[in-house]
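Fold and contact review
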Amino acid sequence: MGIENAIESDCACLHRLPEALFAAGISVHTMRDITRGGLATVLNELAAVSLPHRFFFFFFFFFFFLEEGAIPVHREVRELLRHPRPRPLYMGNEGKMAVLARRQEAGKALGLLRSLPEGKEAAIIGTVAEGEGVAMETAIGGRRVVDVLYGEGFARIC
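Here's what I pulled together on the structure shown here. This structure is a prediction, so every number in the text was calculated from the model and none was measured.

Our focus in this paragraph is the nonpolar core. Membership of the largest hydrophobic core comes to 21 residues, with the highest contact counts inside it found for Leu 39, Leu 43, Phe 64, Leu 66, Ile 71, Leu 89 and Val 146. The set of elements that each furnish at least two residues to this core consists of helix 2 (38–49), strand 4 (62–67), strand 5 (93–101) and strand 7 (133–137). Of the residues forming this core, the biggest block, six residues, is contributed by helix 2. When sequence neighbours within four positions are dropped, the list of residues in contact with Leu 39 reads Ile 34, Ile 71, Leu 89, Met 91, Ala 98 and Ile 125. In this structure, Ala 20, Ile 26, Val 28 and Leu 110 belong to the second largest nonpolar core, which totals eleven residues.

Another aspect to go through is the pattern of salt bridges. Taken as a whole and judged by the stated rule, the model has two salt bridges. Residue Arg 16 is joined to Glu 118 by a salt bridge in which the shortest nitrogen-to-oxygen separation is 2.9 Å. Residue Arg 16 is located in helix 1 (residues 16–23), and its partner Glu 118 is located in the loop between helix 4 (106–114) and strand 6 (126–130); the two are separated by 102 residues in the primary sequence. Classification of Arg 16 as partly exposed rests on a relative accessible area of 33%. Across the pair Arg 32 and Glu 45 runs a salt bridge whose closest N-O atoms are separated by 2.8 Å. Residue Arg 32 is found in strand 1 (residues 28–34), and its partner Glu 45 is found in helix 2; the two are separated by 13 residues along the sequence.

Counting buried residues in strand 7 gives four out of five residues, a clear majority hidden from the surface. Sheet topology note: the strand 7/strand 8 (residues 143–145) ladder contains three bridges and is antiparallel. In the sheet register, Glu 137 faces strand 8, and the bridge partner there is Arg 143. Hairpin connection of strand 7 to strand 8: five residues between the antiparallel strands, including Gly 141 at a positive phi of 95°.

Quick look at the side chain of Asn 44 now. Structurally, Asn 44 is set in helix 2. By relative accessible area, which is 13% here, Asn 44 ends up buried. Beyond its immediate sequence surroundings of up to four residues, Asn 44 is in contact with Val 134, Val 146, Asp 147 and Val 148.

If you check which residues of helix 4 are buried, you get Ala 109, Leu 110 and Leu 113. Burial along helix 4 is one-sided: seen end-on, the buried residues are contained in an arc of 100°. Contacts made by the buried residues of helix 4 are with helix 1.

With that settled, the discussion passes to the packing of helix 1 against helix 4. Where helix 1 meets helix 4, the closest approach of the two axes is 10 Å, and the angle between their N-to-C directions is 135°. One finds that helix 1 runs oblique with respect to helix 4. Like other packed secondary-structure pairs, helix 1 and helix 4 cross with a definite hand, here right-handed. Between helix 1 and helix 4, the residues in contact are Leu 17, Ala 20 and Leu 21 and Ala 109, Leu 112 and Leu 113, respectively. For the contact of helix 1 with helix 4, the per-class residue count stands at six nonpolar, no polar and no charged.

Further remarks concern the environment of Gly 119. Relative to the elements of secondary structure, Gly 119 occurs in the loop between helix 4 and strand 6. Its relative accessible area of 5% is what places Gly 119 among the buried residues. Sequence separation between Gly 119 and Lys 96 is 23 residues; the distance between their C-alpha atoms is 8.1 Å.

The rules behind these values
- Residues numbered from 1 in each chain as written.
- Predicted model: local features only at pLDDT ≥ 70, side-chain atom pairs only at ≥ 80, totals over all residues.
- Heavy atoms only, no water.
- Core = buried A, V, L, I, M, F, W, Y, C linked by side-chain atoms within 4.5 Å.
- Buried < 20%, exposed > 50% of the residue type's maximum accessible area, 1.4 Å probe, protein only.
- Helix = DSSP H or I, 4+ residues; strand = E, 2+ residues; numbered from the N terminus.
- Contact = heavy atoms within 4.5 Å.
- Salt bridge = Lys/Arg side-chain N within 4 Å of Asp/Glu carboxyl O.
- Pairing = 2+ DSSP bridges.
- Arc of directions from axis to C-beta.
- Axes fitted to C-alpha atoms, helices over the stretch in contact; angles between N-to-C directions.
- Parallel < 35°, antiparallel > 145°, perpendicular 65-115°, else oblique.
- Left-handed = near helix turned anticlockwise from the far one by under 90°.
- Nonpolar A, V, L, I, M, F, W, Y, C, P; charged D, E, K, R; others polar.

Structure follows, in structure tokens:
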């Protein structure tokens, strides 16, 4: 593709992150590494497998609502993404993970994750609510559905 950049690999061992969360007694609902299909596909898969959870006589569905401006994307990656196809939500990140924790413990979990080298760029990027699927508030204040990756992802060499 004739692309030159200074992007460094994001591969990392992630085992210390969940170990730290569990050792601190943080209530983690679920977590996933962000590999094939990127964050968008991982969250859609989590939303899909949550259907339906039956609590008492009600059905509860996961709806993930992301804030585009809260998702950390390095400057070099943004520059690469001036090409028309790849988008950061659909790029594999083999040194990153999505963690779903209770809202009341989110700040504590974030501080703990940021205290470790592997989690120094951790961020709260959205919320979980009752509903179905994944949506995002865009940087300009609009809302859009975030679907799974269709077709080929951006080629990676790890």
